[in-house]
Amino acid sequence: MKWESFAIKVTSFSCYQQNHQEKTCTTARKFIRNNNIQPPCVITVLKISGSEEKFFLSNNGLFSYKYAIENHKLFSPEIASVAS
């Protein structure tokens, strides 16, 4: 099964970057901590500039969404357990 099929079934969240000095991964980590979010899920950070950056929260940590797609075999078992 392709990554996109798995990722569709994973919970996703959105949050907003509060200031330019904070990195988007820091914004995502704070959002995860403050909302007690559990993996696996996708976090979309909406930047002040109007663009967005996505992250994948796995049991092993927070990864860029692009990295997760490129290395989907590392995450597929974790996502498959949620998707079934």
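Residues numbered from 1 in each chain as written. Predicted model: local features only at pLDDT ≥ 70, side-chain atom pairs only at ≥ 80, totals over all residues. Heavy atoms only, no water.

1. A closer look at the overall build of the protein
If you tally the helices and strands in the protein, you get 4 helices and 4 strands. Tracing the protein from N to C terminus, the helices and strands come up as α-β-α-β-β-β-α-α. Split into buried and exposed, the 84 residues of the protein put 36% on the buried side. Partitioning the contacts of the protein with sequence separation of at least 6, the portion at a separation of at least 24 is 45%. Looking at the protein as shown, the accessible area adds up to about 5,400 Å², and 50% of this sits on carbon and sulfur atoms. (Helix = DSSP H or I, 4+ residues; strand = E, 2+ residues; numbered from the N terminus. Buried < 20%, exposed > 50% of the residue type's maximum accessible area, 1.4 Å probe, protein only. Contact = heavy atoms within 4.5 Å. Areas by Shrake-Rupley, 256 points an atom, 1.4 Å probe, with all protein chains shown as cover.)

2. Considerations on the nonpolar core
If you look at the biggest cluster of nonpolar residues, it comprises 18 residues, and the most contacted ones within it are Ile37 and Ile43. When residues in this core are grouped by element, the largest group, 4 residues, is from strand β2 (residues 41-46). Excluding residues within four positions of it along the chain, Ile37 makes contact with Phe13, Phe31, Ile32, Ile43 and Leu57. (Core = buried A, V, L, I, M, F, W, Y, C linked by side-chain atoms within 4.5 Å.)

3. Structural notes on the confidence of the model for the protein
Summing up the model confidence of the protein, the mean pLDDT is 86 and the portion of residues at 70 or higher is 85%. Across the protein, element-level confidence peaks in helix α2 (residues 24-35) with a mean pLDDT of 97 and bottoms out in helix α1 (residues 3-8) with 52. (pLDDT = per-residue confidence, 0-100.)

4. Digging into the side chain of Gln17
Tracing the sequence through the fold places Gln17 in the loop between β1 (11-16) and α2. Taking the relative accessible area as the measure of exposure, Gln17 reaches 12% and is therefore buried. Polar side-chain contacts of Gln17 include one of 2.8 Å to the backbone oxygen of Glu22. Residues within four places of Gln17 in sequence aside, it is in contact with Glu22, Thr24, Thr27, Val45, Leu46, Lys47 and Ile48. (Polar contact = N/O pair within 3.5 Å; in protein donor to acceptor, adjacent residues only side chain to side chain.)

5. As for the pairing of β1
By the bridge criterion, 6 bridges tie β1 to β2 in an arrangement that is parallel. From the neighbouring strand, Ser14 faces β2, where its bridge partner is Thr44. Crossover connection from β1 via α2 to parallel β2: handedness right-handed. (Pairing = 2+ DSSP bridges. Right-handed = clockwise from strand over helix to strand, strands pointing away.)

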